[in-house]
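Listed below are the residues making up each chain.
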Amino acid sequence: MHRPIRHRVLTTTALLIVTTSPHVDPAHAAPNPSPLTIERLFEAPDVSGPSPRSPRFAPDGSSVSYLKARADDPAVFDLWSYDIAARRHRLLVDSRQLAPEERPLSAEEEARRERQRIAALRGIVEYSWSPTGRGLLFPLGGDLYYYDLGARGAGAVKQLTNTQAYETDARFSPRGRYISFVRDQNLHVIDLATGRERALTTEGGGLVSLGVAEFVAQEEIKRSTGYWWSPDEREIAVTRVDESRVREVERFEVDADGFRVFHQRYPAAGTPNADVSLGVIAVESGTLQWLDLGPERDIYLARVDWFPESDALLVQRQSRDQKKLDLLRYDTNQPGSGRLLFSETSKTWVELHDNLRFLASSRQLLWSSSRSGHDHLYLYDYDGRLLNQVTAGDWDIAGDFTDAEVRGVDARARLVYFTANEKTPIERHLYVASLDTRTPETPTRVTQGDGWHSIAMSPDAKHFLQSYSDPQQPPQLSLHDRSGKRIAWLVENKLDASHPYWPYRQRHVAPEYGTLAASDGKTLHWQMLRPPGFDPARRYPAIVMVYGGPGVQMVQRRWGDRRGNQVAQVIASHGYVVFALDNRGSGGRGQAFADPIYLNMGGPEVADQLRGVDYLRSLPWVDSTRLGAYGWSYGGYMTLMLLMKSPGTFRAGVSGAPVTDWSLYDTHYTERYLGDPQTSPEVYRQSGVLSHVSGLRDRLLVMHGMADDNVLFTNSTKLFKALVGAKKPFLALPYPGSKHAALSFRDTGPHGWNAILDFFDLNLAPHADGTAP
């Protein structure tokens, strides 16, 4: 039995002081069934059961590797494998045994993990297969290790580096001869046969780095690397990043023992970006040849890929205003400017993706585009001529937030496998279509079940791994043939008496789903939890959990993670209706659904959320006088805009790590939706929070990590000053030393979520006499 912790809140005008004391919710004081608590969500074992991360097929398809959380710590991962023929799991590397005391992350690695949204994880957090299938590469504690599958015992693991510096972005070369990595802002390689290490670049240092993706590339463009091997291993395309023209900001990381001043190069909207060059380096000789990216230097290097023949690069070059994306071919044996194959253009912005695939045997390439208003697949030849539209319709190829939608290509059978929302926007399924189809509107659905399917395809596209969940079933991992027939369970994860969630199942609430219409007729999807033991004769307070920003989808028919559905279950158990709605601009619905927020952030999103509130108010068992709103990051911004643009609608709101002044946020994200602040200052003013402070009249709690290097803490301090100036009472809960994902860490997450619950209990829960607070 896990005892809930209640936080006693002492209120002042602008400071929230939190202490802890034992508490039992009087509405749910019975010892059985067990109440799910915030504390339990951060403890081991994970309440969702065993949920492998990063499952991958071995190159020969004989086994599957994956990362598994330790039984004693759900944030620390070990490396495992599953032998398909023997149907047997095997621990390959125990991270704690190999590195009992993992050294602190370097500043570069900490920032890189923040960008990858894995900052709260430890142990082995990434790995890669040797192309030969003989071993695996993984970083741990700042050094690199090689696991030899042909060896046994302690001799199977070989440490490749042992330095004070962190080695990052490590990988095998395409044929497995080398391992490459970045150290001290330069690109290095190790010859596996000889063990010889070489630095391929030496210029890196200070404001110049080689082989490293710049800040906006990692955070917004979703390009996590700055180098690319040619398939024949003879050359590497490499970036040179010069941040000298990027504005330097002083960022104060405040912790319990004082503060540190960081001079961070942060490209805020309307200011210069880093200067990025692209060159090709010969691995043996070290000769470096620079490419001509065009006369306009103020561009984004979006993607770089080698043609399969190793004789040319395909470079995606995006304009600063992001309304044009050029695909250029650079023949490496003919130095000079690239040859334009084709361009994507938009009146708003061109969305980037990772769906480019080469078909070497037919000299064709597969591409995705939102030119129709929905994201679909198109087939081109090597010269950029459109050959066929592979998918079409009022739906989108769509996957998880960080995954590409194209999961596999069978070039011989002329088939492409991809994830999409053709059935419904709140589910994901695997589909297959012919590259030569004449009926692109009707692909074949491979997966079954009303839920969420995440897919990893085998290299030959003959099998796939399926991670499936739905609101009643925690994630399951299974092996399937390409027709969808299940071959084996890797992790069945039955919700039975042995499952960690079993003690809480009786109070588990299945979400309800529905739709509303936006003002322009677009369909808006919502989901809702009613409190356990729901009584339609009672009237309940309700909390709107909002994100609302581009690229993210809240309403999903899946089990969900700790930050989403699991926390929502805890909130519902405190006697709240929990409601979420995906407004226009949200992810997974295509360009036409997102476009209304262009030059108008905080407009359509707020209007759509208020439509959801109107629906809540229409329910006879919702107390419309006791509504709350909560959101983090863009959701924190949305919470503020909801309270300030519609005063009196909510009684209380919690805003976490909000952007309050869009001129403080980075170039690529902000300018994509709001343009250049120099030419559209009124757009920035109206989309910013600070212009609407006078409208606040509801109770507000603002939370923010004081070392946040993504949404700078300055956003909150500017808000605090504006609120004080307008004589608006508010509460603040800063987290010393915490970055953007403060609620994801075990040392701050339970405290933060309990403070949120306390705030809503204080302001929304009825008094003993039944009156409103």
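Okay, so let's go over this structure. Just so it is clear, the structure is predicted and the values come from calculations on it, not from any experiment.

### Section: the overall build of the protein
- Within the protein, the secondary structure is distributed over twelve helices and 46 strands.
- Considering only C-alpha atoms, the protein reaches an extent of 80 × 60 × 60 Å along its principal axes.
- In the protein, which comprises 773 residues, the proportion classed as buried is 59%.
- Across the protein, 88 positive and 93 negative side-chain charges occur, with their mean positions spaced 3 Å apart.

### With respect to a nonpolar patch on the surface
- A cluster of nonpolar side chains, namely Phe-252, Phe-259 and Val-261, defines an oily patch on the protein surface of about 290 Å² accessible area.
- Within the secondary structure layout, Phe-252 lies in strand S19 (residues 248-255).

### Some thoughts on the pairing of strand S31 (residues 406-410)
- Pairing of S31 with strand S32 (residues 415-420), which is carried by four bridges, proceeds in the antiparallel orientation. Each residue of the ladder has a partner; that of Gly-408, found in S32, is Tyr-417.

### Some words on the sheet that holds strand S8 (residues 128-129)
- Pairing within the open sheet is antiparallel, and its four strands lie in the order S8-S9-S10-S11. Whereas interior strands pair on both sides, the edge strands pair on one side only; in this sheet they are S8 and strand S11 (157-159).
- In this sheet, S11 lies alongside strand S10 (residues 143-148) in antiparallel orientation, the contact comprising three bridges. The residue of S11 that forms the bridge with Tyr-147 is Val-157.

### Overview of the nonpolar core
- Counting residues in hydrophobic clusters, the biggest one holds 84 residues, and the most contacted among them are Leu-616 and Trp-662.
- When residues in this core are grouped by element, the largest group, eight residues, is from helix H8 (residues 634-645).
- Here Trp-662 is in contact with Ala-269, Met-601, Tyr-634, Tyr-637, Tyr-669, Thr-670, Leu-674, Tyr-684, Ser-687 and Gly-688, once residues within four sequence places are set aside.
- Judged by nonpolar contacts, the second largest core, of 38 residues, contains Ile-38, Val-47, Met-545 and Ala-755.

### So, the packing of helix H7 (residues 604-618) against H8
- For the pair H7 and H8, the least separation of the axes is 10 Å and the interaxial angle reads 70°. Judged by the inter-axis angle, H7 sits roughly perpendicular to H8. Of the residues in H8, those in contact with Glu-605, Val-606, Gln-609 and Leu-610 of H7 are Tyr-634, Met-638, Met-641 and Leu-642.

### Quick notes on the pattern of salt bridges
- Per the counting criterion, the structure on display carries 44 salt bridges.
- Salt-bridge contacts for Arg-103 lead to Asp-143; the nearest nitrogen and oxygen are separated by 3.7 Å. One end of the pair, Arg-103, is in the loop between helix H2 (95-98) and helix H3 (107-116); the other, Asp-143, is in strand S10, and 40 residues separate them in sequence.
- On the basis of relative accessible area, Arg-103 is assigned to the partly exposed category, the value being 23%.
- One salt bridge connects Arg-685 with Glu-682, and the closest N-O pair in it is separated by 3.0 Å. Highlighted residues: Arg-685 and Glu-682, both in helix H10 (residues 681-687), separated by three residues, approximately one helical turn.
- Residue class for Glu-682 comes out partly exposed when judged on its relative accessible area of 43%.
- Within this structure, Arg-70, Asp-72, Asp-73, Asp-78, Asp-94, Arg-96 and Arg-746 form a network of salt bridges that share partners.

### Observations regarding the packing of aromatic side chains
- With the rule as written, the count across this model stands at 32 aromatic pairs.
- Plain terms: the ring middles of Tyr-178 and Trp-229 are 5.6 Å apart, the flat faces sit at 20° to each other, and that makes the pair stacked. Note that Tyr-178 is positioned in strand S13 (residues 178-183) and Trp-229 in strand S17 (residues 227-229), a separation of 51 residues in sequence. For the pair formed by Tyr-178 and Trp-229, the shared burial category is buried.
- Here the aromatic cluster, defined as three or more aromatic residues joined through ring pairs, consists of Trp-349, Tyr-547, Tyr-598, Tyr-634, Tyr-637, Trp-662, Tyr-665, Tyr-669 and Tyr-673.

### Side note on helix H12 (residues 749-764)
- The first and last C-alpha atoms of H12 sit 22 Å apart over 16 residues, in line with the 22 Å expected at 1.5 Å per residue.
- For H12, the tally of buried residues reaches 14 of 16 residues, placing the bulk of the element in the interior.

### Observations concerning the side chain of Arg-240
- Relative to the helices and strands, Arg-240 resides in strand S18 (residues 235-242).
- A polar side-chain atom of Arg-240 sits 2.7 Å from a polar atom in the side chain of Glu-203.

### A short note on unusual backbone geometry
- For the bond running from Ala-44 to Pro-45, omega is -5°, close enough to zero to count as cis.
- Of note, Pro-45 is situated in the loop between helix H1 (38-41) and strand S3 (53-57).
- Residues other than glycine seldom take positive phi values, yet Ala-461 does so here, at roughly 60°.
- On the secondary structure map, Ala-461 appears in the loop between strand S35 (452-457) and strand S36 (463-470).
- Take Ala-461: its relative accessible area is 1%, and that puts it in the buried class.
- Of note in this structure, Ala-657 is not a glycine but carries a positive phi near 45°.
- As for its position among the elements, Ala-657 is in the loop between strand S44 (652-656) and helix H9 (667-674).

### Some details on the sheet that holds strand S30 (residues 386-389)
- An order of S27-S28-S29-S30 is seen for the four strands of this open sheet, with the pairing classed as antiparallel. At either margin of the open sheet sits one strand with a lone partner, and together these are strand S27 (357-359) and S30. Strand-to-strand twist in this sheet, taken as the mean axis angle between neighbours without regard to direction, amounts to 30°.
- Pairing of strand S28 (residues 364-369) with strand S29 (residues 376-381) involves six bridges; the strand directions are antiparallel. The partner of Leu-365 across the bridge, within S29, is Tyr-380.

### Some points on the environment of Gln-364
- Mapped onto the secondary structure, Gln-364 falls in strand S28.
- Along the chain, Gln-364 and Gly-384 lie 20 residues apart, while their C-alpha atoms are 8.9 Å from each other.
- Contact partners of Gln-364, with chain neighbours within four places excluded, come to Arg-357, Phe-358, Leu-359, Leu-379, Tyr-380, Asp-381, Tyr-382, Leu-387 and Arg-414.
- Only 3.0 Å separates the side chain of Gln-364 from the side chain of Ser-362, close enough to count as a polar contact.

### Side note on the side chain of Glu-671
- With respect to the helices and strands, the residue Glu-671 is situated in helix H9.
- A polar side-chain atom of Glu-671 sits 2.7 Å from the main-chain amide nitrogen of Gly-270.
- In this structure Glu-671 touches Ala-269, Gly-270, Tyr-300, Arg-320, Gln-322 and Tyr-684, once residues within four positions along its chain are discounted.

### Some points on the environment of Leu-377
- Assignment of secondary structure puts Leu-377 in strand S29.
- Along the sequence, Leu-377 and Val-390 sit 13 residues apart, while their C-alpha atoms lie 5.2 Å from each other.
- Here Leu-377 is in contact with Leu-366, Trp-367, Ser-368, Gln-389, Val-390, Thr-391, Ile-397, Val-406, Val-416 and Phe-418, once residues within four sequence places are set aside.

Here is what the cut-offs are and how they apply
- Residues numbered from 1 in each chain as written.
- Predicted model: local features only at pLDDT ≥ 70, side-chain atom pairs only at ≥ 80, totals over all residues.
- Heavy atoms only, no water.
- Helix = DSSP H or I, 4+ residues; strand = E, 2+ residues; numbered from the N terminus.
- Buried < 20%, exposed > 50% of the residue type's maximum accessible area, 1.4 Å probe, protein only.
- Lys, Arg positive; Asp, Glu negative; His and termini not counted.
- Charge placed at Lys NZ, Arg CZ, Asp CG, Glu CD.
- Patch = residues over 30% accessible without salt bridge, like charges linked within 9 Å, V, L, I, M, F, W, Y side chains within 5 Å.
- Areas by Shrake-Rupley, 256 points an atom, 1.4 Å probe, with all protein chains shown as cover.
- Salt bridge = Lys/Arg side-chain N within 4 Å of Asp/Glu carboxyl O.
- Pairing = 2+ DSSP bridges.
- Core = buried A, V, L, I, M, F, W, Y, C linked by side-chain atoms within 4.5 Å.
- Contact = heavy atoms within 4.5 Å.
- Axes fitted to C-alpha atoms, helices over the stretch in contact; angles between N-to-C directions.
- Parallel < 35°, antiparallel > 145°, perpendicular 65-115°, else oblique.
- Phe/Tyr/Trp six-rings, centres within 6.5 Å; stacked < 30°, edge-to-face > 60°.
- Expected span 1.5 Å × (residues − 1).
- Polar contact = N/O pair within 3.5 Å; in protein donor to acceptor, adjacent residues only side chain to side chain.

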